[in-house]
Amino acid sequence: MGLACGYELMKRDHEVLVLEADDRIGGMSASFDFDGLKIERFYHFICSTDYPLFEALEELELTDKLRWRETRMGFYYQGRLYEWGRPDCLLKFPHLDFLSKVRYALHVLHAKRIEDWTALDREEATSWIKRWIGRRAYNVLWEPLFRLKFHEYAECLSAAWIGTRIARVAKSRRSMFSERFGYLEGGSEIFVEALCSRMQAMGGQIMVKTPAQQLVTENGRVCGIVANGQRYACDKVISTVPLKYVPRFAPDLHPDELAKIKAIENIGVVCVLLKLKRPLTDYFWMNVNDASMPIPGIIEYTNLNPLQHNVLYVPYYMPKTHPRYRAESHEFIDEVISCIKRISPSLTDDCILSSRVTRYEFAQTVCTPDFFAKLPAIRTSLEGFFMADTSYYYPEDRSISESIKVGKKLAEIASVNT
Ligand SMILES: Cc1cc2nc3c(=O)[nH]c(=O)nc-3n(C[C@H](O)[C@H](O)[C@H](O)COP(=O)(O)OP(=O)(O)OC[C@H]3O[C@@H](n4cnc5c(N)ncnc54)[C@H](O)[C@@H]3O)c2cc1C
C-alpha cells in the first residue's frame, strides 16, 4: 500500500521517501528463502475482479507474468475428503439434505449479485448466513471457519465483509463448473520489486530497516518524521502501517481518532509451510471440518503455481492474546504433519522435505457491523498527516489489489491542498 501510494504521488510530481521497518519490502506479500526455494511468506491467489492489480501490472509491463489456472477444491469433512466447489459435488455431498444444498447455492448467487453493501454493513455475518442456508448447513459448512479464524469474535463480524468474500471468489469462476485463479510467475515479489525499481528510476527513495518513530509537527502541522533516530523534513506523512502502530509515532492525534484506532481488533496468523516430495492432493484449496483437526483448511499452493517442489500452507488464525499465539513453531508443524498424514495415510516422514512457520500479527482486521462508521478518517486531525491500512479495504476482502486501490486513494486525498 505504501509503495502504491508513493508511486501514485510520484506520478503527480511529488518527491517521495518510503520508510519500511522490515529488512525487506513487501509486508505480507514479501518472500523468503525456504531452504533454497524463494516463496511468499503467505499464499496469494488472484481473482478475475482484481482490476487495480491488473492496471498496475500493465503499467509495470508485467501482464505477461500473470498466469491463470483451473483449480480444484476439496472439503475434508469428519474423516473423509470430498471433491468440492461445483454444483455436482454439492449435490453428491451426503451430509446435507437437498433443501439445504439449494439454499446454500442460492446464498452464493445472491451474494454475487449484491452491488450495494450498506444494508449488510449493519448486519451480523453468522445470523445472515444462518437465515439463508439454515443452521444445519451453517454448522457443516461455515461454523468451523468462523470459530477457527475469529475465535471470540466469530459472532461479531459484518455480513458485508463476509458477503464480499463470497462474491469475489464466486465472480472469479469461469463457469459454474470451472474454478479459476491467477498467480504471478515469480511470485508476488516480482510485482513489489518492479514497483520499487520504477519508483527508484523516477528518483524515489526507499529505505528498509528504517521504522518511523516520531511524527514531527509545528503548530499542529506536519513538518517531518524521525526514523532510526534521524529526522527527515517533509510536508506530508502518509502512514500505511497497521493502524495499531500509528499512536506510537503520532500520539498527538485527536482523542476520538485514538479511541477509534484502539477499538479496532485484529487477528494474527501463524502459518505453517511444508515442502513435500509429492503433492498431498490435487486440490489448491481444501476446507477442513473435522472435530479432531484444529485447522480451518490447507492451501496446496503448488497446485496453483507449479514450482520445483510441492508447497502447502496451513494458516492458524488467532488474536495475539490467544494462549497459543506464542507457542513454539514445532508444535504447529507437528500438528499439521499429523493432520496431513490422516488426510493422506500413504504420506511418510521422508516425504516432508522442509518446514517453516511465518507469523504476522495484523493478518486480518475484525470488521464488525457498522464498520464504515468505525474507521477513523484518512485525513487526520493533524494537518499533513494521513493514514490507512488493510482495514480500509472494507467491505472488500484482503488482497494486494485492494492495497493498490487504497494506496492510490491515499495519494489522491493527500495531494489535495486544503
Ligand atoms: C495468510 C494470508 C493470506 C493472504 N492471501 C491473499 C491472497 O490470496 N490474495 C491476495 O491478493 N492477498 C492475500 N493476502 C493479503 C495481502 O498479503 C495483503 O492484503 C497485502 O500484502 C497488504 O499489504 P500492505 O502493504 O497494505 O500491508 P502490510 O503487508 O501489513 O504492510 C505493512 C508494512 O508496514 C511495515 N511497518 C510496520 N511498522 C512500521 C514503521 N513504524 N515504520 C515503517 N514501516 C513499518 C511492516 O513491516 C510492513 O511491511 C493474504 C494475507 C495473509 C496474511
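The model shown is predicted, which means the values in this text are computed figures rather than measured ones.

Thresholds, definitions, all that
- Residues numbered from 1 in each chain as written.
- Predicted model: local features only at pLDDT ≥ 70, side-chain atom pairs only at ≥ 80, totals over all residues.
- Heavy atoms only, no water.
- Domains from an automatic or database assignment.
- Contact = heavy atoms within 4.5 Å.
- Buried area = accessible area lost by both parts, 1.4 Å probe.
- Salt bridge = Lys/Arg side-chain N within 4 Å of Asp/Glu carboxyl O.
- Polar contact = N/O pair within 3.5 Å; in protein donor to acceptor, adjacent residues only side chain to side chain.
- Helix = DSSP H or I, 4+ residues; strand = E, 2+ residues; numbered from the N terminus.
- Nonpolar A, V, L, I, M, F, W, Y, C, P; charged D, E, K, R; others polar.
- Near = heavy atom within 4 Å.
- Areas by Shrake-Rupley, 256 points an atom, 1.4 Å probe, with all protein chains shown as cover.
- Buried < 20%, exposed > 50% of the residue type's maximum accessible area, 1.4 Å probe, protein only.
- 1 Å grid on protein atoms, 1.4 Å probe; cavity = no way out; pocket = protein on both sides within 12 Å on 5 of 7 lines; lining within 4 Å.
- Points joined across faces, edges and corners; volume = space filled by probe spheres on them.
- Expected span 1.5 Å × (residues − 1).
- Arc of directions from axis to C-beta.
- Patch = residues over 30% accessible without salt bridge, like charges linked within 9 Å, V, L, I, M, F, W, Y side chains within 5 Å.
- Axes fitted to C-alpha atoms, helices over the stretch in contact; angles between N-to-C directions.
- Parallel < 35°, antiparallel > 145°, perpendicular 65-115°, else oblique.
- Left-handed = near helix turned anticlockwise from the far one by under 90°.
- Core = buried A, V, L, I, M, F, W, Y, C linked by side-chain atoms within 4.5 Å.

1. What about the domain arrangement of the protein chain?
How big an interface is tends to be expressed through the accessible area that disappears when the partners come together.
Here is step 1 of the chain: Along its sequence, the protein chain is carved into domain 1 (2–69 + 184–256 + 370–415), domain 2 (87–162) and domain 3 (265–365).
Here is step 2 of the chain: When each unit is reduced to the centre of its C-alpha atoms, the spacing between domain 1 and domain 3 is 28 Å.
Here is step 3 of the chain: Contacts between domain 1 and domain 3 engage 22 residues on the former and 32 residues on the latter.
Here is step 4 of the chain: Contact between domain 1 and domain 3 buries roughly 2500 Å² in total, counting both sides, with carbon and sulfur atoms accounting for 62%.
Here is step 5 of the chain: Across the pair Asp35 and Arg356 runs a salt bridge, and its minimum N-O distance is 3.0 Å.
Here is step 6 of the chain: Between the two partners, domain 1 and domain 3, sit 12 residue pairs in polar contact (both at pLDDT 80 or more).
Here is step 7 of the chain: Within the residue set of the side of domain 1 that touches domain 3, elements represented by two or more residues are strand E2 (31–34) and strand E3 (37–40).
Here is step 8 of the chain: Of the residues that constitute the side of domain 1 that touches domain 3, the class distribution is 12 nonpolar, 3 polar and 7 charged.

2. Some details on the side chain of Arg168
Here is step 1 of the chain: Within the secondary structure, Arg168 is located in helix H9 (residues 159–171).
Here is step 2 of the chain: For Arg168, the side chain forms a polar contact with the side chain of Asp50, separated by 3.0 Å.
Here is step 3 of the chain: Here Arg168 is in contact with Phe45, Cys47, Thr49, Asp50, Asp397, Arg398 and Ser399, once residues within four sequence places are set aside.

3. Observations regarding the site of the ligand
Here is step 1 of the chain: The environment of the ligand is made up of 25 residues, and the closest members are Glu20, His44, Tyr360, Tyr393 and Ser403.
Here is step 2 of the chain: Contact distances for the ligand include 2.5 Å between an oxygen atom and a side-chain N or O atom of Glu20.
Here is step 3 of the chain: In this structure, Ser29 approaches the ligand through a side-chain N or O atom, which is 2.8 Å from an oxygen atom.
Here is step 4 of the chain: Computed on the free molecule, the ligand has an accessible area of 1000 Å², of which 91% lies beneath the protein chains in the complex.
Here is step 5 of the chain: Taken together, the elements giving at least two residues each to the shell around the ligand come down to strand E17 (352–365) and helix H15 (400–415).

4. Brief notes about helix H2 (residues 51–59)
Here is step 1 of the chain: When H2 is considered as a whole, its buried residues turn out to be Pro52, Leu53, Phe54, Ala56 and Leu57.
Here is step 2 of the chain: Close packing links the buried residues of H2 with strand E4 (66–71), strand E7 (179–184), helix H10 (188–201) and H15.
Here is step 3 of the chain: Trailing H2 by a residue or two, Glu61 shows a phi angle of about 55 degrees, which is positive.

5. Quick look at the pattern of salt bridges
Here is step 1 of the chain: Tallied over the full model, the rule gives 26 salt bridges.
Here is step 2 of the chain: The residue Arg131 makes a salt bridge to Glu123 at a minimum N-O spacing of 2.5 Å.
Here is step 3 of the chain: The exposure class assigned to Arg131 is exposed, which follows from its relative accessible area of 51%.
Here is step 4 of the chain: Among the charged side chains, a network of salt bridges with common partners joins Glu8, Lys11, Arg12, Glu59 and Glu412.

6. What about empty space enclosed by the protein?
Here is step 1 of the chain: Per the stated rule, a full pass over the model turns up 2 cavities of 30 Å³ or more.
Here is step 2 of the chain: Every residue along the wall of the largest cavity is listed here: Ala4, Tyr7, Glu8, Lys11, Ala56, Glu59, Leu60, Phe191, Leu195, Ile404 and Lys408.
Here is step 3 of the chain: Within the residue set of the lining of the largest cavity, elements represented by two or more residues are helix H1 (2–11), H2, H10 and H15.
Here is step 4 of the chain: In terms of residue count, H1 provides more of the lining of the largest cavity than any other element does, 4 residues in total.
Here is step 5 of the chain: Lining the second largest cavity are Trp161, Ala363, Gln364, Thr365, Cys367, Thr390, Ser391, Tyr393, Tyr394, Glu396 and Arg398.

7. Notes on helix H13 (residues 329–343)
Three- or four-residue spacings in an α-helix give side chains the same orientation, since the helix completes a turn every 3.6 residues.
Here is step 1 of the chain: Helix length check: H13, at 15 residues, gives a terminal C-alpha distance of 21 Å against a target of 21 Å (1.5 Å per residue), a fit within 8%.
Here is step 2 of the chain: Those residues of H13 not exposed but buried are Phe332, Ile333, Val336, Ile337, Cys339, Ile340 and Ile343. Projected down its long axis, H13 carries its buried residues within an arc of 165 degrees, all on one side.

8. A word on a nonpolar patch on the surface
Here is step 1 of the chain: On the surface, a nonpolar cluster with roughly 470 Å² of combined accessible area is contributed by Leu91, Phe98, Val102, Leu106 and Leu109.
Here is step 2 of the chain: Top contributing element to the nonpolar patch by residue count: helix H4 (residues 98–113), with 4 residues.
Here is step 3 of the chain: With respect to the helices and strands, the residue Leu91 is situated in helix H3 (residues 87–92).

9. Quick word on the packing of H1 against H15
Any two packed helices are characterised by the angle at which their axes cross and by the distance between the axes.
Here is step 1 of the chain: In the contact formed by H1 and H15, the axes pass within 7 Å of each other and the chain directions differ by 45 degrees. Our classification of the angle between H1 and H15 gives oblique. Crossing angle aside, the handedness with which H1 passes H15 is right-handed. Counting all contacts with H1, which are made through Ala4, Cys5, Glu8 and Leu9, the residues of H15 involved are Ser403, Ile404, Gly407, Lys408, Leu410, Ala411 and Ser415.

10. Looking at the environment of Val208
Here is step 1 of the chain: Counting through the fold element by element, Val208 comes out in the loop between strand E8 (205–207) and strand E9 (212–218).
Here is step 2 of the chain: Of the residues examined, Val208 reaches a relative accessible area of 35% and is grouped as partly exposed.
Here is step 3 of the chain: In this structure, the C-alpha to C-alpha distance between Val208 and Thr71, residues 137 residues apart in sequence, is 36 Å.
Here is step 4 of the chain: The residues touching Val208, leaving out its near neighbours within four places in the chain, are Glu20, Asp22, Asp23, Arg24 and Ile25.

11. Overview of the nonpolar core
Here is step 1 of the chain: Ranked by internal contacts, the top residues of the largest apolar core, which has 114 residues, are Trp142, Phe191 and Phe385.
Here is step 2 of the chain: Those residues in contact with Phe385 that lie beyond four places of it in its chain are Leu215, Val222, Val237, Ser239, Val246, Phe249, Ala250, Leu253, Ile378, Arg379 and Thr380.
Here is step 3 of the chain: In this structure, Val272, Val314, Met318 and Val357 belong to the second largest nonpolar core, which totals 28 residues.

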